[in-house]
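As a plain string of letters, each chain reads:
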Amino acid sequence: MKTYYEATANQRPVFPSLSEDIEVDICIIGAGYTGLITALELSKKGYSVAILEAQTVGFGASGRNGGQIATGYQPGMIQTEEIIGKEDAESLWRFSTEATSLLRNRIALHSISCDLRDGELYTAAKARHVDWLKREQAHCESRYGFSAYEWISREKLADYLDSTRYHGALLDREGGHLHPLNYALGLASAVKKANIPVFENSRALEIVPGSRPCVKTDYGQITASSIVLAGNAYLEGLVNQLESRIMPVRTYIMATEPIGEARARHLMKTDACVSDTNSNLDYFRMSADNRLLYGGRDYVGDPRGDQTELLRRHMLHTFPQLSDLNIDYIWSGKVAVTRHLLPDFGRVGPNIYYVQGYSGQGLPLSAIAAKVMAQAIAGDTERFDVFARIPHKPFPGGTRFRVPLLSLAMFYQRLRDLL
Ligand SMILES: Cc1cc2nc3c(=O)[nH]c(=O)nc-3n(C[C@H](O)[C@H](O)[C@H](O)COP(=O)(O)OP(=O)(O)OC[C@H]3O[C@@H](n4cnc5c(N)ncnc54)[C@H](O)[C@@H]3O)c2cc1C
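Everything numeric here is computed off the predicted structure, so don't read it as measured data. (Residues numbered from 1 in each chain as written. Predicted model: local features only at pLDDT ≥ 70, side-chain atom pairs only at ≥ 80, totals over all residues.)

1. Re the overall build of the protein chain
Here comes step 1: For the protein chain, the count of helices and strands is twelve helices and 19 strands.
Here comes step 2: Against the compact-globule benchmark of 22 Å for 419 residues, the protein chain has a radius of gyration of 21 Å, which places it among compact chains.
Here comes step 3: Here the C-alpha coordinates of the protein chain stretch approximately 60 × 45 × 45 Å along the principal axes.
Here comes step 4: The 419 residues of the protein chain split such that 48% are buried.
Here comes step 5: Put simply, 75% of the contacts in the protein chain that link residues at least 6 apart link residues at least 24 apart. (Helix = DSSP H or I, 4+ residues; strand = E, 2+ residues; numbered from the N terminus. Rg over C-alpha atoms; globule rule 2.2 N^0.38 Å. Buried ≥ 20, exposed ≤ 12 C-beta atoms within 10 Å, placed from the backbone. Contact = placed C-beta atoms within 7 Å.)

Dropping the structure here:
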């Protein structure tokens, strides 16, 4: 079944497969946001670049995500500061605000038509989360001078949502949402316009390291001075050292039938999208054609049961008044999550760079990651090193047992969410 995004996609630029041996300065593996923007950034600096994509542009998380843009990082800034210290936390915060404006600038620069809307509500799923959200707001305001957060009380939330489920919300006025596949396709068109070769249906099968590492595919190879790994949760074991640093978590999104402008505006009274504070979070937004796009249900390992029915129950928990609606589309994708829920940047050897594990924030963060990656390749590693200093821990159980162990942990977490 097509995703809703595929069904409403703009014209897709088409790229050939790799069928010969070529040499470039930089070979990028993966044509999601990270790979595409890194290619644009490197090309702007004068490097010759080529991208290998195992499937087609935007096949991975970039073409199927919730489309939500939020400032900051998943653990929140108070916890981020505990993990990496005050100074680096402040730098990370600045990178994240830069990321949301880079994203908007890039959409404008390449005239990408992707239904960009403003506002993101981070809703308190439990009464005890209210205090935490208010402390986050105060922390970001006093430490970083960030004034785009606004606390919305439970009573005031009625002006935003026709739902009594939540205990209040933090409105991020610099957040927003967009059509994720059309954003990826717009980036791909910009890459094509910049004459950067992209090879679709060309999976990187092996990397031969060296001073000029070589990436092998079925019908050709690319030799380069540096390689960028941008395969994220879809890299699937190409580089063993990276595997235990992230957990691929499957999450689902469904699209209702169109509900019309009037009903849509009654349900969600502003343009803001929503994600909640549960660790197995629900996230939703209204599409440009007035469908409710509702996401949730995280799985490590194999999902069980009728996903449409299970996700529909989540939607009815938030909006019981939608029981008459048909579900037109449902799809899933893999989110790369790290143990601290902060992104994982680094090198595997001197000339193989990687970034992965945005932990559900990759839509904005890929914009800054690509920029920082290109700066590092050009010799300015200052900002790359801030990210690379995050003390990531591998998931316990190694590549073989991390999935069963995490499934247990998530089952426990789900129980806690229910309490
Ligand atoms: C259902 C879902 C909802 C999400 N919601 C949000 C959200 O609302 N907001 C947000 O900020 N983030 C969200 N995310 C996360 C976000 O989508 C990702 O962080 C982001 O898209 C990562 O981009 P990427 O380019 O790094 O990786 P991807 O988009 O996953 O791209 C990786 C690409 O690499 C290719 N590849 C992998 N291995 C190879 C190989 N060996 N050879 C060649 N190519 C290869 C893959 O085919 C894939 O196309 C969500 C993710 C999912 C799945």
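2. Observations regarding the pairing of strand β18 (residues 344-347)
The side chains of a regular strand alternate between both faces of the sheet.
Here comes step 1: Pairing geometry for β18 and strand β19 (residues 352-356), over four bridges, is antiparallel. In the strand pairing of β19, Gly-346 is matched with Tyr-354.
Here comes step 2: Counted between consecutive antiparallel strands, the loop separating β18 from β19 contains four residues, among which Gly-349 sits at a positive phi close to 85°. (Pairing = 2+ DSSP bridges.)

3. Here's the deal with the sheet that holds strand β11 (residues 221-223)
Here comes step 1: Spatially, four strands are ordered β1-β11-β10-β9 in an open sheet, and the strand pairing comes out mixed. Looking along the sheet, the strands with just one partner apiece sit at the ends: β1 (22-23) and β9 (206-208).
Here comes step 2: Pairing of β1 with β11 involves two bridges; the strand directions are parallel. Paired with Glu-23 across the strands is Thr-223, a residue of β11.

4. Section: the packing of helix α2 (residues 33-44) against helix α6 (residues 180-193)
Here comes step 1: The interhelical angle for the contact between α2 and α6, taken along N-to-C directions, is 30°, at an axis separation of 10 Å. What the angle tells us is that α2 and α6 run roughly parallel. Of the two elements, α2 crosses α6, and the hand of that crossing is left-handed. Across from Tyr-33, Leu-36, Ile-37, Ala-39 and Leu-40 in α2, the residues of α6 making contact are Ala-184, Leu-187, Ala-188, Ala-190 and Val-191. (Axes fitted to C-alpha atoms, helices over the stretch in contact; angles between N-to-C directions. Parallel < 35°, antiparallel > 145°, perpendicular 65-115°, else oblique. Left-handed = near helix turned anticlockwise from the far one by under 90°.)

5. Some words on the site of the ligand
Here comes step 1: Around the ligand, the surrounding shell holds 43 residues, and the nearest of these are Gly-30, Gly-32, Gly-60, Gly-333 and Gly-362.
Here comes step 2: Residue assignment for the shell around the ligand shows that the elements contributing at least two residues are α2, β13 (247-256), β17 (327-337) and α10 (362-377).
Here comes step 3: Sort the elements by how many residues they give to the shell around the ligand and α10 lands first, with four residues.
Here comes step 4: Tallied by class, residues from the shell around the ligand come to 19 nonpolar, 20 polar and four charged. (Near = placed C-beta within 6 Å. Nonpolar A, V, L, I, M, F, W, Y, C, P; charged D, E, K, R; others polar.)

6. Observations regarding α2
Every α-helix carries 3.6 residues per turn, so stepping three or four residues along brings you back to the same face.
Here comes step 1: Between its first and last C-alpha, α2 extends 16 Å over twelve residues, near the 16 Å set by a 1.5 Å rise per residue.
Here comes step 2: Among the twelve residues in α2, ten count as buried, and that is most of the element.
Here comes step 3: For α2, the set of buried residues is Tyr-33, Thr-34, Gly-35, Leu-36, Ile-37, Thr-38, Ala-39, Leu-40, Glu-41 and Leu-42.
Here comes step 4: Where α2 is buried, its residues meet β2 (26-29), β3 (49-52), α6, β12 (226-229), β19 and α10.
Here comes step 5: Of the residues trailing α2, Gly-46 is marked for its positive phi of about 100°. (Expected span 1.5 Å × (residues − 1).)

7. Some points on the sheet that holds β3
Here comes step 1: Taking strand neighbours across the sheet as the criterion, the six strands line up as β8-β3-β2-β12-β19-β18 in an open arrangement whose pairing is mixed. Whereas interior strands pair on both sides, the edge strands pair on one side only; in this sheet they are β8 (198-199) and β18.
Here comes step 2: Against the sheet, α10 engages β2, β12, β18 and β19, with an angle of about 165° to β19.

8. Quick look at the nonpolar core
Here comes step 1: The biggest cluster of nonpolar side chains holds 122 residues, and the ones touching the most others in it are Cys-27, Ile-29, Leu-36 and Met-373.
Here comes step 2: With eleven residues, the single largest contributor to this core is α10.
Here comes step 3: Not counting the four nearest positions on each side in its chain, Ile-29 is found in contact with Leu-52, Ala-204, Val-215, Ile-227, Val-228, Leu-229, Ala-230 and Gly-231. (Core = buried A, V, L, I, M, F, W, Y, C linked by C-beta atoms within 7 Å.)

9. Describing the pairing of strand β7 (residues 168-177)
Here comes step 1: Most of β7 is tucked away, with nine of its ten residues classed as buried.
Here comes step 2: Strand direction decides the pairing type here: strand β4 (residues 68-69) and β7, joined by two bridges, are antiparallel. Among the inter-strand pairings, Ile-69 is bridged to a residue of β7, identified as Gly-176.
Here comes step 3: Here six bridges tie strand β5 (residues 117-123) to β7, and the two strands are oriented antiparallel to one another.

10. Comments concerning the environment of Asp-218
Here comes step 1: By secondary structure assignment, the location of Asp-218 is in the loop between β10 (214-216) and β11.
Here comes step 2: Under the C-beta neighbour-count criterion, Asp-218 is labelled exposed, with 12 such atoms within 10 Å.
Here comes step 3: When the C-alpha atoms of Asp-218 and Ala-204 are compared, they prove to be 8.2 Å apart, with 14 residues separating the residues in sequence.

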